[in-house]
Amino acid sequence: MLPHTSREEARGQAREHAGNDARETSGTSRAYAASLDARDPLAGFRDRFRLPPGVVYLDGNSLGALPDDVPAVVDDVVHRQWGTDLIRSWNTHDWWNAPTRVGDAIAPLIGAAPGQVVCGDSTSVHLFNALVAALRARSGRSVLLADPDTFPTDAYLADSAARLCGAEVRRVPAAEAAEVLRAEGTGVAVAAYNHVDYRTGELRDVAGITAAAHDTGALVLWDVCHTVGAVPVDADALDLDFVVGCTYKYLSGGPGSPAFLYVARRLQAGFDPALTGWHGHADPFAMEPAYRPADGIARARIGTPPLLGMLALEAALGVFGEAGITAVRAKSLALTDLFITCADELGLAVATPRPHARRGSQVAVRHPEAHAVMAALVDRGVIGDVRPPDILRFGFNALYVSFADVVAAAEALGDVLASGAHRDPKYTVRNTVT
Ligand SMILES: Cc1ncc(COP(=O)(O)O)c(C=O)c1O
Ligand SMILES: Nc1c(O)cccc1C(=O)C[C@H](N)C(=O)O
């Protein structure tokens, strides 16, 4: 099919090709989407989020939509807990234990038993801390195996952690990591990979890479920013060592909401991170002159946590716990299947792998004028984003994206491309940061 055919033209071609009326069987009609929505067991969760009318929101993989439970909690935290109860809230509202309490609320979403997840700080900070802890835990080894396609902050921090610890970063694509780990023998200290490629949406083989690393005695660190809340992460079952993730994407914790770190229980006693802040001390209010680590996951705490964000996140998590990750994953795959079918009909180059086992919860489409196309789409109320050099990203949060949204987004994309609306000069000048 030609690259920029309109959606109706593309459908016509598909019908001719199939030799029948494919409108229903092609499964991309509005009626078909409505029938899927009518049968969707998660459909009721959409009302638990506040989305502006007329918007199809496909950027929840960057900033999740606002859960309905959050504003009242934030109001209470600001006016009562902070405004009235003041410093007493560290005790009366148990602010002090929020990092481990919220960590335990995140734990089931990554397949972790309680006592192994701490919340607070950013993904970047936890990544750095855990990478240094991993390199120190394998100090006889000198290689930090890293993902060449990783999100930039992971790459920058891997370089810095390696420099600090006298290690060398070796960048090996995820598809080759298991083989390289086996070939390297005992050289690798830690393998640090993203669960999903943030550009293409490719899902990595966590079990295979982790097993290969463990066979040689290396540790693993998985960045699950693009999967937590959308794809199951089996931290305990797969024997993962460290897991970091953010909470402002699929978990809808809010802009800048704190990240989390999982440290497997068996590694906690030896956890020796770069940043040994006073909240991770065994007895913080003894104000001792020297650092003495707390027991358990509390030693992964650093400094004063961002409580407004953390308590907003805590309120947001309820809805994810109720829905259950298995149902979320099933719907997410159905949504991305449908969008891929639509993109195929439009003749677009889909960069996201098609097998379910290799796909996260986003669909990436390549287009040479990606930025302008997305700007025109956003003006039509369909919000996704772009990543260089040519990727249009569409993220699907199963709790608030409907099948009707998928078809509406594809129709808008088809209209933009067929009309050439993206060539309007107002779209060709790049003036946004995200
Ligand atoms: C895979 C990945 N890691 C890390 C980050 C960001 O980390 P931070 O929240 O510290 O900016 C992102 C997104 O911003 C990401 O997609
Ligand atoms: N973390 C972000 C930010 O601080 C500003 C704007 C966007 C983001 C994102 O989350 C980007 C996202 N991680 C990505 O995959 O590109």
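Note that the coordinates shown come from a computational prediction; the quantities given were computed from them, not determined experimentally. (Residues numbered from 1 in each chain as written. Chains lettered and ligands numbered in written order. Predicted model: local features only at pLDDT ≥ 70, side-chain atom pairs only at ≥ 80, totals over all residues.)

### Overview of the site of ligand 1
Alright, step 1. Looking at ligand 1, there are 13 residues lining it, with S122, T123, S124, F151 and C225 nearest.
Alright, step 2. Classifying every residue of the shell around ligand 1 gives 5 nonpolar, 6 polar and 2 charged. (Near = placed C-beta within 6 Å. Nonpolar A, V, L, I, M, F, W, Y, C, P; charged D, E, K, R; others polar.)

### What about the site of ligand 2?
Alright, step 1. Residues in close proximity to ligand 2 include S62, F151, Y198, C225 and T434, which together make up its full environment.
Alright, step 2. Residues of the shell around ligand 2, tallied by class, amount to 3 nonpolar, 2 polar and no charged.

### Re the UniProt feature "binding site: pyridoxal 5'-phosphate" (unreviewed entry) in the protein
Alright, step 1. The UniProt feature table records "binding site: pyridoxal 5'-phosphate" (unreviewed entry) at T123, S124, F151, P152, T153, D154, D223, H226, Y248, W278 and T304. For this annotated set, covering 182 residues, the C-alpha atoms extend up to 30.2 Å from each other, a dispersed arrangement in space.
Alright, step 2. With respect to the helices, strands and loops of the structure, T123 is situated in helix 7 (residues 123–137).
Alright, step 3. Assessed through the 23 C-beta atoms surrounding it within 10 Å, T123 is described here as buried.
Alright, step 4. Not counting chain neighbours up to four residues away, the residues in contact with T123 comprise C225, V244, G245, C246 and A259.
Alright, step 5. Along the polypeptide, T304 turns up in the loop between helix 11 (265–268) and helix 12 (307–323). (UniProt positions renumbered as here; feature names shortened; annotations may be inferred. Helix = DSSP H or I, 4+ residues; strand = E, 2+ residues; numbered from the N terminus. Buried ≥ 20, exposed ≤ 12 C-beta atoms within 10 Å, placed from the backbone. Contact = placed C-beta atoms within 7 Å.)

### Considering helix 12
Alright, step 1. Compared with the 24 Å implied by 1.5 Å per residue over 17 residues, the 25 Å span of helix 12 between its first and last C-alpha is a close match.
Alright, step 2. Remark: the principal bend of helix 12, roughly 25 degrees, maps to A316.
Alright, step 3. Where helix 12 is concerned, the buried positions are L307, G309, M310, L311, A312, L313, E314, A315, A316, L317 and F320.
Alright, step 4. Structurally, helix 12 contributes buried residues whose contacts are with strand 3 (66–67), helix 4 (70–82), helix 6 (98–106) and strand 4 (117–119).
Alright, step 5. Note on helix 12: the residue one or two positions beyond its end, G324, has a positive phi of about 85 degrees. (Expected span 1.5 Å × (residues − 1). Bend = angle between axes of the 7 residues up to and from the residue.)

### A closer look at the pairing of strand 15 (residues 391–395)
Alright, step 1. For strand 15, a buried count of 5 out of 5 residues is recorded, marking the element as mostly surrounded by other parts of the structure.
Alright, step 2. Covered by surrounding structure in strand 15 are I391, R393 and G395 together with L392 and F394, the residues of both alternating faces.
Alright, step 3. As defined by bridge partners, strand 12 (residues 362–366) adjoins strand 15 across 5 bridges and the pair is classed as antiparallel. By the bridge assignment for strand 15, A364 is matched with R393.
Alright, step 4. Pairing between strand 14 (residues 385–387) and strand 15: 3 bridges, direction antiparallel. By the bridge assignment for strand 15, V386 is matched with L392.
Alright, step 5. Hairpin connection, strand 14 to strand 15: the antiparallel pair is bridged by 3 residues. (Pairing = 2+ DSSP bridges.)

### A word on the sheet that holds strand 14
Alright, step 1. A sheet is described by the order of its strands in space; here 4 strands give the open sequence 11-12-15-14, paired in antiparallel fashion. Only two strands of the sheet have a single neighbouring strand rather than two, namely strand 11 (349–350) and strand 14.

### Thoughts on the UniProt feature "modified residue: N6-(pyridoxal phosphate)lysine" (unreviewed entry) in the protein
Alright, step 1. UniProt feature "modified residue: N6-(pyridoxal phosphate)lysine" (unreviewed entry): in the numbering of this structure it lies at K249.
Alright, step 2. Along the chain, the position of K249 falls in the loop between strand 9 (242–245) and strand 10 (260–263).
Alright, step 3. K249 sits in the buried class, given 26 other C-beta atoms within 10 Å.
Alright, step 4. Every residue in contact with K249, bar those within four places of it in the chain, is listed here: G60, N61, S62, G64, C225 and H226.

### Topic: the pairing of strand 8 (residues 219–223)
Alright, step 1. Most of strand 8 sits inside the fold, with 5 of its 5 residues counted as buried.
Alright, step 2. The two faces of strand 8 match: L219, L221 and D223 on one face and V220 and W222 on the other face are all buried.
Alright, step 3. Pairing analysis gives 5 bridges linking strand 7 (residues 188–194) to strand 8, with the strands arranged parallel. Looking at strand 8, one finds that A192 is bridged to L221.

### What to know about the packing of helix 4 against helix 12
Alright, step 1. In contact at an axis separation of 9 Å, helix 4 and helix 12 are set at 145 degrees when each is read in the N-to-C sense. Crossing hand, helix 4 versus helix 12: right-handed. Residue-level inspection shows V70, V73, V74 and V77 of helix 4 in contact with helix 12, the latter providing L308, L311, A312, A315 and A316.
Alright, step 2. Here the residues of the contact of helix 4 with helix 12 are counted per class, giving 9 nonpolar, no polar and no charged. (Axes fitted to C-alpha atoms, helices over the stretch in contact; angles between N-to-C directions. Left-handed = near helix turned anticlockwise from the far one by under 90°.)

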